[in-house]
Number of protein chains: 2
Amino acid sequence: MYRSHNCGELTAAHINTEVTLSGWVQKSRDKGFIVWVDLRDRYGITQLVFDEERTSKDLIEQAQHLGREFVIQVKGTVIERASKNPNMPTGDIEILVSELIILNKSILPPFTIEDKTDGGEDIRMKYRYLDIRRNPVKNSLIFRSKVSQAVRNYLSTEGFIEVETPYLIKSTPEGARDFVVPSRMNAGEFYALPQSPQTFKQLLMVGGMDKYFQIVKCFRDEDLRADRQPEFTQIDCEMAFVDQEDILNVFEGLTRHLLKEVNGVEIEKFPRMLYDDAMRLYGNDKPDIRFGMEFGELNAVTQHKEFGVFNNAELVVGIAVPGGNSYTRKEIDKLIDWVKRPQVGALGMIYSRCNDDGSFKSSVDKFYDQDDLAKWAEITGAKAGDLVCVLSGDTNKVRAQLSALRMELAERLGLRDPKVFAPLWVIDFPLLELDEETGHYHAMHHPFTSPKPGQIELLDSNPGEVKANAYDLVLNGNEIGGGSIRIHDKATQAIMLKHLGFSEEEAKAQFGFLMDAFEYGAPPHGGLAFGLDRLVAILGGQETIRDFIAFPKNNSGRDVMIDAPAPIDDDQLTELSLKLNLKS
Amino acid sequence: MYRSHNCGELTAAHINTEVTLSGWVQKSRDKGFIVWVDLRDRYGITQLVFDEERTSKDLIEQAQHLGREFVIQVKGTVIERASKNPNMPTGDIEILVSELIILNKSILPPFTIEDKTDGGEDIRMKYRYLDIRRNPVKNSLIFRSKVSQAVRNYLSTEGFIEVETPYLIKSTPEGARDFVVPSRMNAGEFYALPQSPQTFKQLLMVGGMDKYFQIVKCFRDEDLRADRQPEFTQIDCEMAFVDQEDILNVFEGLTRHLLKEVNGVEIEKFPRMLYDDAMRLYGNDKPDIRFGMEFGELNAVTQHKEFGVFNNAELVVGIAVPGGNSYTRKEIDKLIDWVKRPQVGALGMIYSRCNDDGSFKSSVDKFYDQDDLAKWAEITGAKAGDLVCVLSGDTNKVRAQLSALRMELAERLGLRDPKVFAPLWVIDFPLLELDEETGHYHAMHHPFTSPKPGQIELLDSNPGEVKANAYDLVLNGNEIGGGSIRIHDKATQAIMLKHLGFSEEEAKAQFGFLMDAFEYGAPPHGGLAFGLDRLVAILGGQETIRDFIAFPKNNSGRDVMIDAPAPIDDDQLTELSLKLNLKS
């Protein structure tokens, strides 16, 4: 037995108890006649004391030679501390050590094992096992585990069955790029790793499994943007004999449960917003509604003057920045530079100051009088002391630009409080999305999403207008989940695939098994998937997911700790009926 | 809303309630003036009734045209059945239908959706989504979900943290063959899918995570024997600051909890058996101890006569078959043929009948007298009416052969009752195992297993004798879990890898990250992994795992439902810097 207690649980109630503790040396202070050692484990830190009066000389000497991160075991007595530390749970006591065993030594770690470490991202990733000893990472992983159990317990109680779907499946060119796995036993053939268990969960519905869930790894071989991982985790769910309302209610219940269980936050009914409204009011399908700054469309009150920039724009749109009139000219110029950065891409920004006396001062006073500017203020909801920022251009682009500006300003103004939670359903997504490069429509959600009843006829005449029974759950400006009611009959699925550019042969080769399944009594069904990595990060009050993943990969898809991927033996390649084909 | 109730919950208490049900048409009986339809969903079957007196003509006609597996929705009133069926939960009631909607039609299923189907294995796999509608498969999957939740809840309550380890890791030639995943972003390099999260869970221990678990998919590219899957699920666990005793206690607790929670069976302390004893008494490291038939070693009482077969054998060993003296000569000859089958491989079998009058009659009466045969009976524990079966030859082979015979006879004698649970710890496994083909030793468990204290010196002189702190949990003759105390210092790990034939460079290239980690204060640690597929099958009273896996692969590693693996596009190959290299 290596320990009788852990390093986080001893209090004044244990005084005079004989204990055995094990853990890591966090730090030691050596006064010569007395040595204190902070002993750390997963549960906390307990102070050890060795002193001339009560400890043998040998033992003090041993203690003096302990290095940081040594693993030790001690026996001793819990005693009251002379100077208590009210900031730590074990701060009332210390251990008068009678026996010390070094279980393992440590060489000097490449960074300090402290909440605020001196290690940069790269070195921390290479020595992730040391990084995990730090509270911010350790607590994030423990938090994740807590969320996962809460999810499973809630869904199990609601009658959902956890079903494990296969990881070695079939590659489909639709959507993102698959990771593939060569099959040795079937030479020249490949499995693919699932981008999601989508078709399998639909087959479970056909199989009568009615309420399915799974917390499952998914894989996408995409060029990695910041904060994207080639493997990620989904809470994947599907239900049969449900309509959209049933699904929203169940998963609103789950999310409400998590917020209460994990964050202690109680939230009533989640608001719902049409996709079209989200785009119009926030320029974004995942609006952060913890704060206002809704868009005001200004075409009607800007396109009657000689200002060509606005007159030629498809959309003129502004937001009111609370208190923004206090910005200096220089600060506003910086803001204009910010929106002109290539990542945002605006050509410029027009502004109008809302002075305390009710007057306005804009950067386009030449074109617009006080009455015009008063209308800008009215439409954007600007009050005295605010600043109206206006962008113009093509609708989709300008919405994205103004949305970026809105989020940036909210961040600067401290309006994105990570302790405040504002969930939102965005519903009635378009079925199809125009790929501006190719001019083709592709499925906005996926090819199995059902168009709204009665809208399938629009597919030929006006495909961009067809709405789907598709919905996203948004939390604090992040999409944390999304799903749809699925197609459950072969004919509709065939029409859908045809519109997505699949020939009949391609459709059959790739999705034949699903379309066959629809012929044997497929029930109406739909579902939803949450991105667990992001959900956990947001519930944990953070926006980057990396600390919530035990062993993340870097932006080149590498695990720098184990140094993967790596070359494999020629024998292995030959066995797989493969040859390298490297560009020279 | 597609339903107010499910098809398994309505009872006499609901009589006169208006309900809406949805489900599949299990079968219908049409008497012309009255039609009964069995409506099925995940929860059960409810009888619908349409009759001339109370139902409109149209509705009866509609009901008459319902085919098997049609998906329908009905509204109606719960009424008392004229002839009740006490064998089904809903047997007291039926639904007098007032409204019927066909949600989806079905063509004729390729096999009957009944507990005992007319579909063979192959067709059931191809239409697995229909197979899942059948109770035996559906209930197995629901049972699995229940076990998984029970495992996670128990371990979470015990302070274990669920940590997801990566699926895209690095290939290591040690052990079974890896599935590999070409990296597009790192041309010419490959990830491997984990055979287990072994090194990652050890790094979590180095990271202070102290109690880890995960229910996780693992992958092995092996030629598939019956009942092996290329992807399988482990309950993977690891603990730090523990010795073997701590680990056995925790996972005995888990298993006891499962047996109670899932099977309603209470079992006290699990027995423990040394590996050497298991091999000696049962010829097997996973003995089924639901019944006796322990081996009796007969060298001392057989090698004093002129019977060359025994005299030349390394081991002469027998078992007593309860009541076996009732076998006819023909039956015994069949048994001898059975042990001579290539799958068992014995050259022959000697037997001795234990007559009711205390005399013996053996197949080698020429060599052995009644006193000799009395000793055989004594040593094997045979009583009057039993049959002593004796095999001889090389120790390892003959043990395996007699073990196979013991299991076969127990099966025939009905001694392997799936409702009886006999767990057993087998401990003190050898560290190394001789590969008889190559003459090299390899790790019996894995290269990270710790030799028993003080035995590391034996590695040079007598490697086969070194015992490890390694243990298996056996349930009803199946290994359901296994683990070990791990090496946690770099020097020992280096010695171990050297003995396994790794050069220093190979050791560094493959396990350098782990050995580096051991230098930064690695705590003593150890763990265990359960095979979930098998565990669930055995708890479910079965020995084949296939019905407990939603979408299993066949013996060629194919998913015949989705037809994977499959060829991929040339573009995909090129992007991955690969070319096919097929043997012509």
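As shown above, the structure is provided for reference.
Description of the structure in this document. Only a predicted model underlies this, so the values are computations on that prediction, with no experimental measurement involved.

1. Looking at the relation of the copies chain B and chain A
Between chain B and chain A, the superposition needs a rotation of 180° and an axial shift of 0.0 Å, giving an RMSD of 0.0 Å. Here the copies are linked by what is in effect a two-fold axis. Same-surface contact between copies: 99% of interface residues of chain B are shared with the interface of chain A.

2. Some words on the packing of helix H4 (residues 135-157) of chain A against helix H6 (residues 244-263) of chain A
Residues and elements named next belong to chain A. Axis separation between H4 and H6 bottoms out at 10 Å; the angle between their running directions is 140°. Compared by their axis directions, H4 and H6 come out oblique. Our pair here, H4 against H6, has a crossing hand that is right-handed. Where H4 abuts H6, its residues Phe143, Lys146, Val147, Ala150, Val151, Tyr154 and Leu155 lie against Val250, Phe251, Gly253, Leu254, His257, Leu258, Glu261 and Val262. Split into classes, the residues belonging to the contact of H4 with H6 amount to 11 nonpolar, two polar and two charged.

3. Overview of the interface of chain B and chain A
Facing 124 residues of chain B, the contacting portion of chain A comprises 123 residues. Overall, the association of chain B and chain A removes approximately 10,900 Å² of surface from exposure, summing both partners, and the carbon and sulfur fraction of that is 59%. Area buried by chain B at its contact with chain A is led by Glu164, Phe241 and Tyr520 of chain B, which between them contribute 8% of it. Connecting chain B to chain A are 16 salt bridges. For Arg152 of chain A, the salt bridge goes to Glu162 of chain B, with nearest N and O atoms at 2.7 Å. At the junction of chain B with chain A, the criterion picks out 66 residue pairs in polar contact (both at pLDDT 80 or more).

4. A look at the pairing of strand E9 (residues 211-219) of chain A
Consecutive side chains of a regular strand alternate in pointing toward one face of the sheet and then the other. All names here are of chain A. Judged by how many residues are buried, E9 sits mostly within the fold: eight of nine residues are covered. Sheet analysis places E9 next to strand E10 (residues 231-240), joined by nine bridges and oriented antiparallel. Bridge assignment links Cys218 to a residue of E10, and that residue is Phe232.

5. Quick look at the pairing of strand E14 (residues 350-354) of chain A
Residue and element names in this part refer to chain A. Here E14 lies mainly inside the structure; five of its five residues are buried. Taking every second residue as pointing to the same face, both faces of E14 are buried, with Ile350, Ser352 and Cys354 on one and Tyr351 and Arg353 on the other. Pairing analysis gives four bridges linking E14 to strand E16 (residues 387-393), with the strands arranged antiparallel. Across the sheet, the residue bridging to Ile350 is Val390, located in E16. A loop of five residues connects E14 with strand E15 (residues 360-362), the two strands running antiparallel in sequence, and Gly358 in this loop sits at a positive phi of about 90°.

6. Regarding the pattern of salt bridges
The final tally for this structure, using the stated rule, is 92 salt bridges over all chains. With a closest N to O distance of 3.1 Å, Asp223 of chain B and Arg184 of chain A form a salt bridge. Placement of the pair is Asp223 of chain B in the loop between strand E9 (211-219) and strand E10 (231-240) and Arg184 of chain A in the loop between strand E7 (180-182) and strand E8 (190-192), with the two residues belonging to separate chains. The class for Asp223 of chain B is exposed, based on a relative accessible area of 52%.

7. Considerations on the environment of Gln370 of chain A
Tracing the sequence through the fold places Gln370 of chain A in helix H11 (residues 370-380). Looking at Gln370 of chain A, its side chain comes within polar contact range of the main-chain oxygen of Phe360 of chain A, at 2.7 Å.

8. Description of the state of the cysteines
Residue and element names in this part refer to chain B. One pass over the structure, following the stated rule, counts zero disulfides over all chains. In this model Cys237 remains outside any disulfide bridge; the closest cysteine sulfur is found in Cys218, 12 Å from its own. What makes Cys237 buried here is its relative accessible area of 0%. With no disulfide partner, Cys389 has as its closest neighbouring cysteine sulfur the one in Cys354, 9.8 Å distant. For Cys389, a relative accessible area of 0% gives the class buried.

Parameters and conventions
- Residues numbered from 1 in each chain as written.
- Chains lettered and ligands numbered in written order.
- Predicted model: local features only at pLDDT ≥ 70, side-chain atom pairs only at ≥ 80, totals over all residues.
- Heavy atoms only, no water.
- Least-squares fit on C-alpha atoms with pLDDT ≥ 70 in both.
- Contact = heavy atoms within 4.5 Å.
- Axes fitted to C-alpha atoms, helices over the stretch in contact; angles between N-to-C directions.
- Helix = DSSP H or I, 4+ residues; strand = E, 2+ residues; numbered from the N terminus.
- Parallel < 35°, antiparallel > 145°, perpendicular 65-115°, else oblique.
- Left-handed = near helix turned anticlockwise from the far one by under 90°.
- Nonpolar A, V, L, I, M, F, W, Y, C, P; charged D, E, K, R; others polar.
- Buried area = accessible area lost by both parts, 1.4 Å probe.
- Salt bridge = Lys/Arg side-chain N within 4 Å of Asp/Glu carboxyl O.
- Polar contact = N/O pair within 3.5 Å; in protein donor to acceptor, adjacent residues only side chain to side chain.
- Buried < 20%, exposed > 50% of the residue type's maximum accessible area, 1.4 Å probe, protein only.
- Pairing = 2+ DSSP bridges.
- Disulfide = S-S within 2.5 Å.

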